[in-house]
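# Close look at the chain arrangement
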Amino acid sequence: MPRKYRLTRPRRPIDRPDHPRPTALIWVAAEDEDTDGQVRIEGDPTLILLIQDALFNSYGNRARPMEGDVSPRDLAVALDGKFLRPFEPQEETSPGF
């Protein structure tokens, strides 16, 4: 079962505290941590574009570019990088995922 992460749009000065920020789920469709697969993103369409842009500028395990097929380990490393950290990645632990 792939590890999924919930990403939230980075905070902006115009955000109201009583309105939730958009979220998206991201994961790699692969059988295990070291097998390559496609990156999948579901959620708010505008947020998906922001995530894709940040992902394009990120690097995975051993400085591997995050283009094309990548491994779940590459995604985990990229989520800890400077371009995706503002999205506050959190591993999803809900049973439905």
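Residues numbered from 1 in each chain as written. Predicted model: local features only at pLDDT ≥ 70, side-chain atom pairs only at ≥ 80, totals over all residues. Heavy atoms only, no water.

## Thoughts on the overall build of the protein chain
What the protein chain contains, in helices and strands, is two helices and four strands. Along the protein chain, from the amino end to the carboxyl end, the secondary structure elements read β-β-β-α-α-β. Structurally, the protein chain occupies a C-alpha span of about 40 × 30 × 20 Å along its principal axes. Across the 97 residues that make up the protein chain, the buried fraction comes to 33%. Considering only residue pairs separated by 6 or more positions, the protein chain has 50% of its internal contacts joining residues 24 or more positions apart. Element-wise, carbon and sulfur atoms account for 50% of the exposed surface of the protein chain, whose accessible area totals about 6,300 Å². Side-chain charges of the protein chain comprise 14 positive and 17 negative groups, with the mean position of each set lying 6 Å from the other. (Helix = DSSP H or I, 4+ residues; strand = E, 2+ residues; numbered from the N terminus. Buried < 20%, exposed > 50% of the residue type's maximum accessible area, 1.4 Å probe, protein only. Contact = heavy atoms within 4.5 Å. Areas by Shrake-Rupley, 256 points an atom, 1.4 Å probe, with all protein chains shown as cover. Lys, Arg positive; Asp, Glu negative; His and termini not counted. Charge placed at Lys NZ, Arg CZ, Asp CG, Glu CD.)

## Quick look at the packing of aromatic side chains
Where two aromatic rings form a pair, the distance of their centres and the angle of their planes describe that pair. Enumeration over the complete set of coordinates arrives at zero aromatic pairs. Stacked on the ring of Trp-27, the Lys or Arg Lys-4 has its end atom at 4.0 Å from the ring centre. (Phe/Tyr/Trp six-rings, centres within 6.5 Å; stacked < 30°, edge-to-face > 60°. Lys NZ or Arg CZ within 6 Å of the ring centre and 35° of its normal.)

## Considerations on the pairing of strand β2 (residues 23-29)
Judged by how many residues are buried, β2 sits mostly within the fold: five of seven residues are covered. Direction of pairing for strand β1 (residues 5-8) relative to β2: antiparallel, over a ladder of four bridges. Looking at β2, one finds that Arg-6 is bridged to Leu-25. Looking at chain direction, β2 and strand β3 (residues 38-43) are connected through six bridges and run antiparallel. Residue pairing for β3: Trp-27 is matched across the bridge by Arg-40. (Pairing = 2+ DSSP bridges.)

## Quick word on the nonpolar core
Counting 19 residues, the largest nonpolar core has Ile-26, Ile-51, Leu-75, Leu-84 and Phe-87 as its most contacted members. Among the secondary structure elements, those contributing two or more residues to this core are β1, β2, α1 (45-56) and α2 (72-79). Among the elements that make up this core, the one with the highest residue count is α1 (five residues). Sequence-distant contacts of Ile-26, defined by excluding residues within four places in its chain, comprise Arg-3, Lys-4, Tyr-5, Leu-7, Val-39, Arg-40, Ile-41, Ile-51, Leu-55 and Leu-75. (Core = buried A, V, L, I, M, F, W, Y, C linked by side-chain atoms within 4.5 Å.)

## Regarding the environment of Pro-2
With respect to the helices and strands, the residue Pro-2 is situated in the segment before β1. With a relative accessible area of 30%, Pro-2 lands in the partly exposed category. Along the backbone, Pro-2 and Pro-72 are 70 residues apart, and their C-alpha atoms lie at a distance of 7.7 Å. Filtering out sequence-adjacent residues up to four positions away, Pro-2 remains in contact with Trp-27 and Val-28.

## Overview of the sheet that holds β1
On the basis of which strands lie adjacent, the open sheet formed by four strands has the order β3-β2-β1-β4 and antiparallel pairing. With one partner strand each, in any of the chains shown, β3 and β4 (90-91) form the two edges of the open sheet. Across the face of the sheet, α1 comes into contact with β1, β2 and β3 while running at roughly 150 degrees to β3. (Axes fitted to C-alpha atoms, helices over the stretch in contact; angles between N-to-C directions.)

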